[in-house]
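Secondary and tertiary structure notes
Chain residues, written in single-letter form:
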Amino acid sequence: MKILHIASELDPLAKVGGLADVIGTLTKRLNETDCDLRVVLPFYKQVKESIKKLKLRPVKLKQEVVLCIDWLPFRANIYKLKVNKVSVYLIENDELYNRDQIYATREGEFEDNDVRFGFLCLAALETVKSLGYKPDVIHCHDWQTALVPICLRWRKHLKSDPFFKDTSTVFTIHNISFQGAFGKSILEKFGLPEYLFTSQGLELQGRANLLKGGIIYSDMVTTVSPTYAEELKRREYSYGMDAVLKWISRKSDNFTGILNGIDYELWDPKTDNAIYEKYSISRISGKHKNKENLQKELGLEESPDTPVIAFVSKLNEQKGVDLLIDSLPQIFDLGYQLVISGEGEQRYEQSLRKLRRRNAGIISVNIGLNEELERKIYSGADMILKPSRFEPCGLAQIISLRYGTVPVVRGTGGLIDTVRDYSRDNKNGNGFLFEEFSKVSLLDA
């Protein structure tokens, strides 16, 4: 079977969040089966930097892609390289992709993201066609790739192209809060019929919603955990998409939740060179050494008996950072130390920096993306906290279990599917769950 993945992130080349980890692991494992698997990714500035670090050598192909968007020509060179034995095609257009960030600056999303990712979708289709690689399945991920199923169904020439006649599309929702909503003019910009702008088509709340289009025009829709799939049919979790997901779920196999996972070869305290001392379930003393060194490196009071809680996450509303900040005085009163690693909204970063200045020795705040430090935190902390408002799946709690670090999580989405509450089941429990999004519930857990 020939499977083409089109994505906006891929570990280890370009990463903003868990999407990159999932695409990296999924494609690597599928490629170990009898599938002929390929991936298409933008040739971001971050990709160029990663290639240098990894000492990879992409090969420039003779094929060049030229496409018209909004009556303007856009060109791309195509490069190919192998990542974990997976064939990856890189779409190079420096005007669109040679930027310091992938999606947005601190001021907000790039205004031309519709063109940037629309071009990725169309260029991916043109690339595989020029190479004669005829996919049985095209697997698309989040709104950035939603124009693939939309254009295959409705764009002139593509919808009648015999090359893709027998190709099926799978669309995966990794986080429904990101939807790719644009003005109605995007239809003309990408050669789509104006009559798609209806409540039965792309229109949602007066905007052309690409995520909605990806959902309704794909052959199969998946999301990243069984519980999240059920939650998405409820108004409080769906960001306006509940009716759409209920409608496509009328056939039992049209929409399903498949639990995310991690690569156990990459995440293993027995072999992890980034941590202070390797350890395993049969040699757990090494974990104590990691805690000791983590406290020392991060300027925490060096006390083996003081519990260390970790929060490794994006710093945004979804992840419950506000609830964490509100709970900190009581957490400190209970005698815990806290280690935070991540980046996100400025208001949360500033609040946490202030708390760090006021609480030296009991809190460490590390703003930025630093996987080596994160690995040290997973290995050295006693617990990891995930007080998310909603959580499609989350990988931090799965990684923490791999490193013998107890997860304390809110009961939502994939957190329910991966953490069993020890208070309710002390035979099979592997962590602690709290249901209400409240300080009292968090502190009780």
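Placed above this text is the structure.
Note that the structure is predicted; figures quoted are calculated from it, not measured.

Re the overall build of the protein chain
Broken down by element type, the protein chain carries 17 helices and 20 strands. A compact globule built from 445 residues would reach a C-alpha radius of gyration of about 22 Å, and the protein chain, at 23 Å, matches this within 12%. Taken over the C-alpha atoms alone, the protein chain extends approximately 65 × 45 × 40 Å along its principal axes. Residue burial in the protein chain is summarised as follows: out of 445 residues, 57% are buried. Only carbon and sulfur atoms are counted for the fraction: they give 48% of the accessible area of the protein chain, which is about 20200 Å². Counting 62 positive and 60 negative side-chain charges, the protein chain places the centres of these two groups 4 Å from one another.

Regarding empty space enclosed by the protein
For the coordinates displayed, the defined rule picks out one cavity of 30 Å³ or more. Put simply, the largest cavity is a space of about 40 Å³. Leu-10, Asp-11, Pro-12, Gly-24, Thr-27, Val-39, Val-83, Asn-84, Val-86 and Val-88 are the residues that line the largest cavity. Those elements that provide at least two residues to the lining of the largest cavity are helix 1 (18-31) and strand 5 (86-92). Considered class by class, the residues forming the lining of the largest cavity number six nonpolar, three polar and one charged.

A short note on the sheet that holds strand 19 (residues 406-410)
Spatially, the six strands line up as an open sheet ordered 17-16-15-18-19-20, and their pairing is parallel. Whereas interior strands pair on both sides, the edge strands pair on one side only; in this sheet they are strand 17 (363-367) and strand 20 (432-434). For this sheet the average axis-to-axis angle between neighbouring strands, irrespective of direction, equals 15°. In this structure, strand 15 (residues 308-312) lies alongside strand 18 (residues 383-386), joined through two bridges in parallel fashion. From the neighbouring strand, Ile-309 faces strand 18, where its bridge partner is Met-383.

Observations regarding helix 13 (residues 346-358)
With 13 residues, helix 13 extends 19 Å between its outermost C-alpha atoms, agreeing within 8% with the 18 Å of an ideal straight helix rising 1.5 Å per residue. Those residues of helix 13 that fall on the buried side of the exposure criterion are Tyr-348, Glu-349, Leu-352 and Leu-355. Buried residues of helix 13 fall within an arc of 125° about the axis and therefore sit on the same side. In helix 13, the exposed residues that point more than 90 degrees away from the buried face are Arg-357 and Arg-358. The elements touched by buried residues of helix 13 are helix 12 (321-333), strand 16 (337-342) and strand 17.

Structural notes on the nonpolar core
In terms of nonpolar packing, the biggest core is built from 112 residues, with Val-88, Leu-90, Phe-119 and Ile-215 touching the most fellow members. With ten residues, the single largest contributor to this core is helix 4 (residues 113-131). Contacts of Leu-90, omitting those with residues within four sequence positions, involve Leu-13, Leu-41, Pro-42, Phe-43, Val-47, Ile-51, Asn-77, Ile-78, Tyr-79 and Leu-81. Core analysis: the second largest hydrophobic core is formed by 22 residues, Leu-315, Val-321, Phe-332 and Leu-355 among them.

Considerations on the packing of helix 11 (residues 285-297) against helix 14 (residues 371-380)
The geometry of helix 11 relative to helix 14 is characterised by a closest axis approach of 8 Å and an angle of 125° between their N-to-C directions. Classed by the angle they form, the pair helix 11 and helix 14 counts as oblique. The handedness of the crossing between helix 11 and helix 14 comes out as left-handed. Residues Lys-287, Asn-290, Lys-291, Leu-294 and Glu-297 of helix 11 lie in contact with helix 14, whose contacting residues are Leu-373, Lys-376, Ile-377, Tyr-378, Ser-379 and Gly-380. Here the residues of the contact of helix 11 with helix 14 are counted per class, giving four nonpolar, three polar and four charged.

Digging into the pairing of strand 3 (residues 59-69)
Bridge count between strand 3 and strand 4 (residues 72-83): eight bridges; the pairing is antiparallel. Note on strand 4: the bridge partner recorded for Lys-60 is Tyr-79. Linking strand 3 back to strand 4 in an antiparallel pair, the connection comprises two residues, with Asp-70 at a positive phi of about 55°.

Some words on the packing of aromatic side chains
Two numbers describe a pair of aromatic rings. These are the distance of the centres and the angle of the planes. Inspection of the entire model under this criterion finds 14 aromatic pairs. Ring geometry for Phe-74 against Phe-119: centres 6.1 Å apart, planes inclined by 45°, an arrangement best described as tilted. Of the two residues, Phe-74 is situated in strand 4 and Phe-119 in helix 4; the sequence distance between them amounts to 45 residues. When sorted by exposure, Phe-74 lands in the same class as Phe-119, which is buried. Through a chain of ring-to-ring contacts, the aromatic side chains of Tyr-103, Phe-117, Trp-143 and Phe-182 assemble into a single cluster. Looking at Lys-48, its charged tip hangs above the ring of Phe-43, at a distance of 5.4 Å from the centre. For the cation-ring pair, Lys-134 lies above Phe-163, with the distance from its terminal atom to the ring centre recorded as 5.9 Å.

Some remarks on the pattern of salt bridges
Using the criterion set out here, one finds 33 salt bridges in the structure. As a salt-bridge pair, Lys-15 and Asp-21 come within 3.0 Å of each other at their nearest N and O atoms. Residue class for Asp-21 comes out buried when judged on its relative accessible area of 11%. In this structure, Lys-291 and Asp-382 form a salt bridge, with 2.8 Å as the shortest nitrogen-oxygen distance. One end of the pair, Lys-291, is in helix 11; the other, Asp-382, is in the loop between helix 14 and strand 18, with 91 residues separating them in the sequence. For Lys-291, a relative accessible area of 8% translates into the label buried.

Considering a positive patch on the surface
A cluster of basic residues, Lys-354, Arg-356, Arg-357 and Arg-358, forms a positive patch at the surface. With respect to the helices and strands, the residue Arg-356 is situated in helix 13.

Examining the sheet that holds strand 12 (residues 207-209)
Ordered by their spatial adjacency, three strands build an open sheet running 10-12-11, and the pairing between neighbours is antiparallel. Because the sheet does not close on itself, it has two edges, and the strands there are strand 10 (181-182) and strand 11 (203-204). Here strand 10 runs beside strand 12; their pairing, made up of two bridges, is antiparallel. The residue of strand 12 that forms the bridge with Phe-182 is Ala-208.

Cut-offs and rules
In this numbering scheme, every chain counts its residues from 1 along its sequence in written order. The model is predicted, so local features are restricted to residues of pLDDT at least 70 and side-chain atom pairs to those at 80 or more, both for listing and for counting; the totals for chains, interfaces and linings are taken over all residues. Only heavy atoms go into the side-chain values, all of them from the structure, while hydrogens and water stay out. Only DSSP runs of H or I reaching four residues or more are called helices, and only runs of E reaching two or more are called strands; each is numbered from the N terminus. The globule rule is 2.2 Å times the number of residues to the power 0.38, and the radius of gyration it is compared with is taken over C-alpha atoms. Each residue is assigned to one of three classes by its accessible area relative to the maximum for its type, calculated with a 1.4 Å probe on protein chains only: buried under 20%, partly exposed between the two thresholds, exposed over 50%. Surface exposure here means Shrake-Rupley accessible area, sampled with a 1.4 Å probe, where a residue is shielded only by the protein chains that are shown. Asp and Glu count as negative and Lys and Arg as positive, but His and the ends of the chain are not part of the count. Every charge is mapped to an atom, namely NZ of Lys, CZ of Arg, CG of Asp or CD of Glu. Using a 1 Å grid laid over the protein atoms alone, points where a 1.4 Å probe fits but cannot get out form a cavity; open sets with protein on both sides within 12 Å along at least 5 of 7 lines form a pocket; any residue with an atom within 4 Å of a point counts as lining. Grid points are joined across faces, edges and corners, and a volume is the space filled by probe spheres set on the points. For this classification, the nonpolar set comprises Ala, Val, Leu, Ile, Met, Phe, Trp, Tyr, Cys and Pro, the charged set comprises Asp, Glu, Lys and Arg, and every other residue, Gly included, is treated as polar. Strands were regarded as paired on the criterion that DSSP finds at least two bridges between them. Comment: axis = line fitted to C-alpha atoms, over the contacting stretch for helices; angle = value between 0 and 180 degrees taken between N-to-C directions. The span one expects for a helix is its residue count, reduced by one, times 1.5 Å. The arc under discussion is defined with respect to the helix axis, by the directions toward the C-beta atoms. Residue contacts are counted whenever heavy atoms from the two residues lie within 4.5 Å of one another. Buried residues of nine kinds, namely Ala, Val, Leu, Ile, Met, Phe, Trp, Tyr and Cys, make up a nonpolar core once their side-chain atoms join them within 4.5 Å. The cut-offs work like this: below 35 degrees is roughly parallel, past 145 is roughly antiparallel, 65 to 115 is roughly perpendicular, and the gaps in between are oblique. By convention, the crossing between two helices is left-handed when the near helix turns anticlockwise from the far helix through less than a right angle, and right-handed when the turn is clockwise. Within 6.5 Å between ring centres, the rings of Phe, Tyr and Trp (the latter by its six-membered ring) count as paired, and their orientation is classed by plane angle as stacked under 30 degrees, edge-to-face over 60, tilted in between. A ring has a charge above it when a Lys NZ or an Arg CZ is no more than 6 Å from the ring centre and no more than 35 degrees off the ring normal. Every case where a carboxyl oxygen of Asp or Glu lies within 4 Å of a side-chain nitrogen of Lys or Arg is listed as a salt bridge. To count toward a patch, a residue needs a relative accessible area over 30% and no salt bridge; like charges are then connected within 9 Å, while nonpolar side chains (Val, Leu, Ile, Met, Phe, Trp, Tyr) are connected within 5 Å.

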